[in-house]
Protein chains: 2
Amino acid sequence: MTSPRFNCGLDAALAVIGGKWKFHILYYVAQQPRRFGELRRLVVGISEKMLIQQLRELEYDGVVHRHDFQEVPPRVEYSITGFGTSLAAAVAPLCAWGVTHMEAVVALRD
Amino acid sequence: MTSPRFNCGLDAALAVIGGKWKFHILYYVAQQPRRFGELRRLVVGISEKMLIQQLRELEYDGVVHRHDFQEVPPRVEYSITGFGTSLAAAVAPLCAWGVTHMEAVVALRD
DNA sequence: CAGCATCCGCGACGATACTG
DNA sequence: CAGTATCGTCGCGGATGCTG
C-alpha cells in the first residue's frame, strides 16, 4: 500500500480506466466478446454516444480489440486483449471489496 | 473476474471512491494521519473546495476519521479507519498495475 | 491554519434524429 | 445493427475572497 510511486501508478491506471463507464464496460467485455448492441443493453444507463466513445478510447489504449465482421447487417465484436486482461485482474479486488461491503454502503445511502 | 455480482460490487465501490480525487486522497491518508494543509500540498492540483468536499464524503462513508484538536491555530488530522484500510488494500493492485504498465501508457499519450 | 461562500466557465454527458 | 451528427444542459470543479 505504501509502495513507492503508488500515486503515479494510480495516475497511469486512472488514465486508462478513469471515467464513469469504463469499469463497467471492461467488466462485460472481460467475460466474453461482446457486440455493440449487447453492451448497450448490459451497461445500464449509458447512451450510445458514451458507449462508442469509451470503446474507442479503450481500443486506443489497447484494452479491447474491435473486430468488424464486414457483414450486412453490421456486426462488430469487442474482445479483451492481454493487456486488458491484466487490467481486469487489477480491478477485480476492488469489485470484490464492493461485494463484501455493499450492504454497509447502501445502508448509508438511505 | 467473472464472479457473480461483480457489477453491483463495482457500483458500491465506485460510490465510495469514485470521482476525480478520492483515490489520491485515500492514498496519502492511508500512509499516515494527514493534516488539511498537508493534503492540500500532497494532492497536486486539487483546490481547497474539492479537498474539503471529498474529505467530507470520505468521512461520511466511514473511510477516514476527522480529528479536530480544538486548538488555535486550528489543527485537524485525517486518519484512515479500518474500513478505509480494507478499501485501500483493494485499490492497491490497481496502483501496482499502473506502476507496471506506466511506460506503455505514457508512450501512447505522446 | 482550516475552512466557508460565491461566482461561473467549460466539458462531460444525455437526447434525439439520421445513415450505410 | 452499428454507428454518426448535432444540439442542449447540467453540475463538476476552478478561482477568488473572506472568516474564526
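Here the structure is a predicted model, which means the values were calculated and not measured.

We now examine the relation of the copies chain A and chain B. You can overlay chain A on chain B at an RMSD of 0.1 Å; the transform is a turn of 180 degrees with a shift of 0.0 Å along its axis. What the superposition gives is, in effect, a two-fold axis relating one chain to the other. When the interface residues of chain A are mapped onto chain B, 98% of them again lie at the interface, so the same face is used by both copies.

To continue, consider the interface of chain A and chain B. Opposite the 44 residues of chain A that make contact, chain B presents 43 residues. Put simply, chain A and chain B have zero salt bridges between them. Of all the secondary structure elements, the ones that give two or more residues to the side of chain A that touches chain B are helix 1 (6–17), helix 2 (22–31) and helix 5 (82–108) of chain A. Considering every element that reaches the side of chain A that touches chain B, the biggest residue donor is helix 5 of chain A, with 18 residues. Its residues assigned to classes, the side of chain A that touches chain B comprises 31 nonpolar, nine polar and four charged.

Moving on: the side chain of Arg34 of chain B. Residues and elements named next belong to chain B. Considering the arrangement of structural elements, one finds Arg34 in strand 1 (residues 34–35). Looking at Arg34, the relative accessible area reads 7%, which means it is buried. At 3.0 Å, the side chain of Arg34 forms a polar contact with the backbone oxygen of Tyr28. Those residues in contact with Arg34 that sit more than four places away from it in its chain are Tyr28, Val29, Leu39, Leu42, Val76, Glu77 and Tyr78.

Opposite charge on two side chains permits them to pair, given that their charged atoms come into close proximity. All names here are of chain B. Scanning all chains against the criterion turns up nine salt bridges over all chains. A salt bridge links Glu38 to Arg34, with the shortest nitrogen-to-oxygen separation between them at 2.9 Å. Arg40 serves as the salt-bridge partner of Glu48, at 2.4 Å between the closest nitrogen and oxygen. One continuous salt-bridge network, built from bridges that share partners, spans Glu71, Arg75 and Glu77.

The next subject is helix 4 (residues 48–60) of chain B. Residue and element names in this part refer to chain B. With 13 residues, helix 4 should reach 18 Å at 1.5 Å per residue; the first-to-last C-alpha distance of 18 Å fits that figure. When helix 4 is considered as a whole, its buried residues turn out to be Leu51, Gln54, Leu55 and Leu58. Taken end-on, helix 4 shows its buried residues confined to a sector of 105 degrees, consistent with a single buried face. Gly62 sits one or two positions beyond helix 4 and adopts a positive phi of about 80 degrees.

Its place among the elements puts Asp61 of chain A in the loop between helix 4 (48–60) and strand 2 (64–68). The class of Asp61 of chain A is buried, set by a relative accessible area of 7%. Residues contacting Asp61 of chain A, with those up to four places away along its chain left out, are Ala15, Val16 and Phe83 of chain A together with Leu108 and Arg109 of chain B.

Once that is clear, we can look at the sheet that holds strand 3 (residues 76–80) of chain B. All names here are of chain B. Here three strands make up an open sheet; going across it, the order is 1-3-2 and the pairing antiparallel. Of all the strands in the sheet, the pair left with one neighbour each is strand 1 and strand 2 (64–68). As paired elements, strand 2 and strand 3 share five bridges and run antiparallel to each other. Bridge pairing in strand 3 links His65 to Ser79. Sheet strands touched by helix 2 (residues 22–31): strand 1, strand 2 and strand 3. Its angle to strand 3, the strand with the most contacts, is close to 95 degrees.

This part takes up the confidence of the model for chain A. Residue and element names in this part refer to chain A. Mean pLDDT for chain A: 89, with 93% of residues reaching 70 or above. Put simply, helix 1 is where chain A has its lowest mean pLDDT, 82, and strand 3 (residues 76–80) is where it has its highest, 98. Here residues 1–5 is a poorly scored stretch, pLDDT under 50, and it has nine contacts once near neighbours within four places are set aside; other chains count.

What surrounds DNA strand D is a group of 19 residues, the closest being Arg35, Gly37 and Arg66 of chain A together with Lys49 and Pro74 of chain B. A share of 60% is what sugar and phosphate atoms reach among the atoms of DNA strand D within 4 Å of the protein. Between Glu48 of chain A and DNA strand D, the recorded distance is 3.1 Å, taken from a side-chain N or O atom to a base nitrogen. Note that a phosphate oxygen of DNA strand D is positioned 3.0 Å from one of the side-chain N or O atoms of Arg56 of chain A. With four residues, helix 4 of chain A is the largest single contributor of residues to the surface near DNA strand D. Broken down by class, the residue content of the surface near DNA strand D amounts to nine nonpolar, two polar and eight charged.

Rules used in this analysis
- Residues numbered from 1 in each chain as written.
- Chains lettered and ligands numbered in written order.
- Predicted model: local features only at pLDDT ≥ 70, side-chain atom pairs only at ≥ 80, totals over all residues.
- Heavy atoms only, no water.
- Least-squares fit on C-alpha atoms with pLDDT ≥ 70 in both.
- Contact = heavy atoms within 4.5 Å.
- Salt bridge = Lys/Arg side-chain N within 4 Å of Asp/Glu carboxyl O.
- Helix = DSSP H or I, 4+ residues; strand = E, 2+ residues; numbered from the N terminus.
- Nonpolar A, V, L, I, M, F, W, Y, C, P; charged D, E, K, R; others polar.
- Buried < 20%, exposed > 50% of the residue type's maximum accessible area, 1.4 Å probe, protein only.
- Polar contact = N/O pair within 3.5 Å; in protein donor to acceptor, adjacent residues only side chain to side chain.
- Expected span 1.5 Å × (residues − 1).
- Arc of directions from axis to C-beta.
- Pairing = 2+ DSSP bridges.
- Axes fitted to C-alpha atoms, helices over the stretch in contact; angles between N-to-C directions.
- pLDDT = per-residue confidence, 0-100.
- Near = heavy atom within 4 Å.

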